[in-house]
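A closer look at the structure
What follows is each chain in one-letter form.
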Amino acid sequence: MNRQSPRLTFGVLAVGAGVYALLQSLITPALPIVQEEMHTTQSTVTWIMTAYLLSASVFTPILGRVGDLVGKKRTLVAALVALLLGCLVAALAPNITVLIVARVIQGIAGALFPLSFGIIRDEFPPGRVSGGISNMSAVIAVGSGLGMVLAGPIVGALDYRWLFWLPVIVVAGTIVLAHRYVPESPHRSEGSVDWFSSVLLSGWLVALLLPVSQASQWGWGSAKVLGLLAVAVVLFAAWAFNESRSRNPLIDLRVMRLPAVWTTNTAALLFGGGMYAVWAFLPGFVQMPTSAGYGFGASVTGAGLLMLPMVAAMFVAGVLGGRLAGRFPAKAQLVTGAVLGAVACALLAARHGNPADVAIAAGVFGLGIGLAFASMSNLIVQAVPAAQTGAATGMNANIRTIGGSMGAALMTGLVTGHLQADGRPAESGYTHGFALLAAFCLAAALAALLVPARRAAAANAPAPVEAPAAQRLEPELAGAQLAGAQLADVELADAQLSVVKREAVGG
């Protein structure tokens, strides 16, 4: 294997990660069609998204650790095989239960992101690592957004099953290319995976994210929501106790208490609440029929086109963010990104009378997302020991997921809680919701201002957990862990889109 082929390596990794990112939002516009063809209910069909979220949240950090132990390429190929199997099962699914299981299998491939970033770090020349990671982040962002654009034409020309058949073809080819052209990592970590800790981590994440994502349907005061939240608290306490005593902890809890880490995580929680709710509800808003007194009656394809300014801006900001790090520090990028998010949401609340207003706000929000994503990862990397970067940024991503769940749930409550006589959401529900999301992003900017300067953060960093040098996780894995949950994150918020959309048209 010629190890001096970073462009070829990047191309293969980009295809795999791009297809996985595309699948995040590709199925969302087709949920009403899936519901009708499989003769299921609205609450059941949203599990297509929820199941994926839970699966990706659990498997991404665990398989990232496995890749460090047994080899990144080997684990990458296994993740691609899981994605292929999940898409194949989904394309052939005879009922909604099998389709939900297929989405769980697809979620396993969330590990593609941390593994891809780790391979870039291992194989690229030092001077090209940052650019490679920035470009990969841009591919992921564009893939996530293009799903909403491509879904309409694919379903219109073929049917919803081709949303999975087409990825089957691409992923199958990517597996062959990855096996042949992606070098195996020359480094291996020593130690093992603490499987008991992994089970506890999975347990409290599921017990927390499940009720938050379903609260709009179950009710925040329902026994299921309150019971699962109580279980999450108990499992989290057990996990923290076990982690503090484990010889191979997934996450060093001392790292989570660093000022630069907890402030960045707070910003991630708040910004995630605004970001994923916008992704979920803005397409539904523009698809609202004009007879409702607002909206543009856009088709699925038309709504996707209005999201293109956001996708393009995310790409530009993602590519440029890493290249401007020397003159535009990560803290400044996070503050700026959060402020741009607040401005965009405020614009949506105040001016949404024509498509141009929405397109401009979407573009501004895309710039904010592009800046915030890369900067959160960089701030975590700068603050923690090298051996803890993957785990620390993985938790940052999960915290952002939790924020996204809460933001989407609150937005759902505001939109569906204000209905017109015909059963459609009132315009005031969207207006109040976008205003709330602006407050979320503004609070994220304030939290980002509390992030210590890099030098101070480094001085306060605890000593790394004792481990051989080969076990140290490389800093650029941070961006991968972040991207892995981005995927999952988008799915949770996207599930809310179908809820509101069905209420609007079925009223």
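Higher on the page you've got the structure.
What counts as what
- Residues numbered from 1 in each chain as written.
- Predicted model: local features only at pLDDT ≥ 70, side-chain atom pairs only at ≥ 80, totals over all residues.
- Heavy atoms only, no water.
- Helix = DSSP H or I, 4+ residues; strand = E, 2+ residues; numbered from the N terminus.
- Buried < 20%, exposed > 50% of the residue type's maximum accessible area, 1.4 Å probe, protein only.
- Contact = heavy atoms within 4.5 Å.
- Areas by Shrake-Rupley, 256 points an atom, 1.4 Å probe, with all protein chains shown as cover.
- Phe/Tyr/Trp six-rings, centres within 6.5 Å; stacked < 30°, edge-to-face > 60°.

Here's the deal with the overall build of the protein
The secondary structure content of the protein amounts to 21 helices and 0 strands. The proportion of buried residues among the 507 residues of the protein is 60%. Residue pairs at least 24 apart in sequence account for 83% of intrachain contacts in the protein once pairs closer than 6 positions are excluded. Of the accessible surface of the protein, which amounts to about 18100 Å², a share of 67% is contributed by carbon and sulfur atoms.

Notes on the packing of aromatic side chains
How two aromatic rings sit relative to each other is given by the distance of their centres and the angle of their planes. In the structure shown here, the tally under the stated rule is 14 aromatic pairs. Taking 6.5 Å as the distance between ring centres and 55° as the angle between the ring planes, the aromatic pair formed by Phe10 and Phe124 counts as tilted. Here Phe124 lies in the loop between α7 (112-123) and α8 (126-157) and Phe10 lies in helix α1 (residues 6-26), a separation of 114 residues in the sequence. Of the two residues, Phe10 and Phe124, neither departs from the other in class, the shared state being buried. The interplanar angle of 90° and the centroid separation of 5.0 Å between the aromatic rings of Trp204 and Phe236 together place this pair among those described as edge-to-face. Here Trp204, found in helix α10 (residues 195-218), pairs with Phe236, found in helix α11 (residues 223-245); they are 32 residues apart in sequence, far enough to count as distant. Its relative accessible area of 6% is what places Trp204 among the buried residues. According to the relative accessible area criterion, Phe236 is partly exposed, its value standing at 38%. Each residue in the set Phe285, Tyr294, Phe296, Tyr430 and Phe434 is aromatic and connected to the rest through ring pairs, giving one cluster.

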